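Read off the chains here:
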Amino acid sequence: MFDLNTLNPQQRQAVTHKTGSLLLLAGAGSGKTRVITCRIAHLRQQGVPAEQILAVTFTNKAAREMAERVEEMVGRKETKGMVIATFHSLCLRILKVHIDRLGFKKNFSIYAAADQQRLIRDLLRDIGVKNSSSDADQVLWRISAAKNHFIAADSYQSSDRDPLTTLVATIYPRYQQALKAYNAVDFDDLLMFTVQLLEQHPDLQEHYCQRFQYQMVDEYQDTNLVQYRLLKLLASGHGNLCVVGDDDQSIYAFRGADVAHILNFEHDFPGTKVIKLEQNYRSSGNILTAANAIIKNNQQRKEKALWTESGAGSKIEYLLCEDGEDEARQVMEQIHAEKYRGKLAYGDFAILYRTNSQSRSFEEQLRYENIPYVLIGGQQFFDRKEIKDVIAYLKVIQNPADEVNLLRILNYPKRGIGTGSIDRIIRHSADKKISLWRVLQQVDQVAEVNDRTAIACSHFVDLIQRYQKRFAQPLRLQETLLEMLTELKLAEEIYRQEKDPQIAQRRVANQEELLNSLATYLERTPHPDLAGFLDRISLFDDEIAGKNDKESKLALDAVTLMSLHSSKGLEFPVVFLVGMEEGFLPHKKSIYETFDIDEERRLCYVGITRAQQQLFLLGTQQRRKYGKLEQREPSRFLGEIPEKLLQKSVGEPPRKATLEEEAASATSFFDNIGQMFGD
DNA sequence: GGGTCACCAGTTTTT
DNA sequence: CTGGTGACCC
């Protein structure tokens, strides 16, 4: 239950909007999630059946939170049949039912970055490209960009000017063919294929339009062309589409997101009602004034200004540090001081940076000071080799056509199928146009493979088939996984390979963690099966991923470290926005290559608006980069903040510098500040 | 099959 | 300076 009277007038208007298109321009911290969840609850109370409601988000976390909050409001029973999902999981649901219409089998696999990379690398090697590792990433990147722009493999144009484009034009079609042969799709395919499916099959489009009479989309400013087309397809007819977003927080252009979608929404959906949420419930006045001052320098935007009923609060502190190490030390000092002064916990602090590599100096310092911290991003649980190995087994058991993973495990752990034999098997498979799995099943017919290897292969086939049967029993999933790990002797293999016993132990523990993930999955899934578990893993459901398991999250009081991108949607009492320097924010590439300073400004805006009570901006005068000392300039965005909001201070002068150098650097600093603020 | 060495590249990345 | 990779050699 909820009370409409606890909402402000704009929020109330949005919540009670029933039919037709609605554009909700929701500034940072304006209670956007609350409005969406209340609107869903309200629709239910108005008698809209749960199964007619669809809410789409970008992250699992957002979807989960939304679902939880709706459940709290209307009760679990009332949400049955409602779909609150990410774009990717929505598309996966649709494809699970209809993908046969696109020529795939229903047990298809989802290829994540590692699988894609391996496949691309193999394809590059096939056409004789040497240094395939770095090229693979670039090719993959371009294929992803093409898919986000809805460019299919056969219509990708090669170019005389750019060799990479030519390479992509060659690889992209082969890549799609391989995926199809392996009965696999990648992330971008999930979306692109769903759009194709609905476009080519009007009966399906009709079906889903009817099914989802009331649709809501969060973070609409981040939609790419494919997502946009999907939404248009789903909303056609009734047009009951409510999109929520903030053009000022559009920070995923590099992933194909296009702010134009939110800017043109009123035009795309005539008769759209527009509501702006500008009252901010998160940050103190000075922080909002600074954020507004910065963002108004962007030209292409919907005019809006955040305001708050709370007071001005503390000034924003700008700390100019000597170097990277000094920057980290200053943050520690402030954490100690603020923690004491404000009775805060470690969990109330966040350190935000532009690039993940910036986290290191802070991690070192936090460890040195024994301050607990969590690093968001970076190496993911499922990226670890020992985890990928187990998942490769599960994927092959689910879909033996998946050759990337089949090759990964064929001789791991070692079972006497050497690289030479594998080459011969692959060649045979290619020559005779028989799938690898089939070749392995009838390996005795391959003359080039000796008897001992043939026996090893048939043992392998037998192993996979045995586990296919065992994993088909949903009630025994956990036991079966444990049995498999034991039978494969993966732990022994790890201890044998890894010299450091402590590291080996941790890697084995990671594999055991996968069992916990499976347990979590079993607990919260009505009809669990192996395919479902793999899907959840593939879609990065971090609840299943185990690293966010509830106990550790609640028990751990820790400073958060993350990139500005990952910080969107979150809030912290105290925020340190570090690396406020030209080259980091705005990033060098945006200055010299993409020329999109506005996007960097939005990124800066996102960072600033994460802070509730206190905001620290930090930058350095010099920084070690790739081993070389570099002079740094303060970020241009600092100059866009009204000076009266800022409290500036300079860190320690260089310890080894002479007095003259000290004097010189101090003078130049004040000169710089003077110029920046036009004194 | 495993270990060492030289070479290269280094923005963000919700899924 | 780092981490990751491929080539090469035993």
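Values in this document were obtained by computation on a predicted structure and should not be read as measured data.

### Comments concerning the pairing of strand β10 (residues 349-353)
Most of β10 sits out of view: five of its five residues are buried. Burial along β10 is two-sided: Phe349, Ile351 and Tyr353 facing one way and Ala350 and Leu352 facing the other are all buried. In this sheet, strand β13 (residues 572-577) lies alongside β10 in parallel orientation, the contact comprising four bridges. Looking at the pairing, Ile351 lines up with Phe576 of β13.

### Some points on the packing of helix α21 (residues 477-488) against helix α23 (residues 501-523)
It is the contact of α21 with α23, at a shortest axis distance of 10 Å, that shows an interaxial angle of 165°. Classified by the angle between their axes, α21 and α23 sit roughly antiparallel to one another. In this structure, the crossing between α21 and α23 has a hand that is right-handed. On the side of α21, the interface is formed by Leu477, Gln478, Leu481, Leu482 and Leu485, while α23 contributes Gln511, Leu515, Leu518, Ala519 and Leu522. Among the residues making up the contact of α21 with α23, the classes are represented as eight nonpolar, two polar and no charged.

### A word on unusual backbone geometry
Note the cis peptide between Tyr412 and Pro413, where omega equals -5°. With omega at 0°, the peptide bond leading from Leu585 into Pro586 counts as cis. By the element assignment, Pro586 lies in the loop between β13 and α27 (588-592). In this structure, Phe150 takes a positive phi of about 60° despite not being glycine. A residue is classified by how much of its surface remains accessible, and Phe150, at 18% relative accessible area, is buried. Despite not being glycine, Lys433 has its phi angle at roughly 55°, a positive value. Relative to the elements of secondary structure, Lys433 occurs in the loop between α18 (419-432) and α19 (436-441). For Lys433, a relative accessible area of 75% translates into the label exposed.

### Quick look at the confidence of the model for chain A
Per-residue pLDDT for chain A has a mean of 88; in total, 93% of the residues score no lower than 70. Counted against residues more than four places away or in other chains, residues 654-663, with its pLDDT under 50, gives five contacts. Low confidence marks residues 665-679, where pLDDT is under 50. Its contacts with residues over four positions away, or in another chain, come to 19 contacts.

### As for the domain arrangement of chain A
Annotation of chain A at the domain level lists domain 1 (4-95 + 192-279), domain 2 (109-182), domain 3 (316-380 + 548-676) and domain 4 (383-536). On a C-alpha basis, the centres of domain 1 and domain 3 stand 34 Å from each other. Listed by partner, the interface residues are 15 residues for domain 1 and 10 residues for domain 3. Taken over both partners, the interface formed by domain 1 and domain 3 buries close to 1,100 Å², and the fraction arising from carbon and sulfur atoms is 53%. The largest share of the area that domain 1 buries against domain 3 comes from Asp248, Gln249 and Ile251, three residues that together contribute 44% of it. Where domain 1 packs against domain 3, one counts two salt bridges. Close ionic contact of Glu219 with Lys568 constitutes a salt bridge, the shortest N to O distance being 3.6 Å. The interface formed by domain 1 and domain 3 contains seven residue pairs in polar contact (both at pLDDT 80 or more). Taken together, the residues of the side of domain 1 that touches domain 3 sort by class into six nonpolar, three polar and six charged.

Parameters at a glance
Residues numbered from 1 in each chain as written. Chains lettered and ligands numbered in written order. Predicted model: local features only at pLDDT ≥ 70, side-chain atom pairs only at ≥ 80, totals over all residues. Heavy atoms only, no water. Buried < 20%, exposed > 50% of the residue type's maximum accessible area, 1.4 Å probe, protein only. Helix = DSSP H or I, 4+ residues; strand = E, 2+ residues; numbered from the N terminus. Pairing = 2+ DSSP bridges. Axes fitted to C-alpha atoms, helices over the stretch in contact; angles between N-to-C directions. Parallel < 35°, antiparallel > 145°, perpendicular 65-115°, else oblique. Left-handed = near helix turned anticlockwise from the far one by under 90°. Contact = heavy atoms within 4.5 Å. Nonpolar A, V, L, I, M, F, W, Y, C, P; charged D, E, K, R; others polar. pLDDT = per-residue confidence, 0-100. Domains from an automatic or database assignment. Buried area = accessible area lost by both parts, 1.4 Å probe. Salt bridge = Lys/Arg side-chain N within 4 Å of Asp/Glu carboxyl O. Polar contact = N/O pair within 3.5 Å; in protein donor to acceptor, adjacent residues only side chain to side chain.

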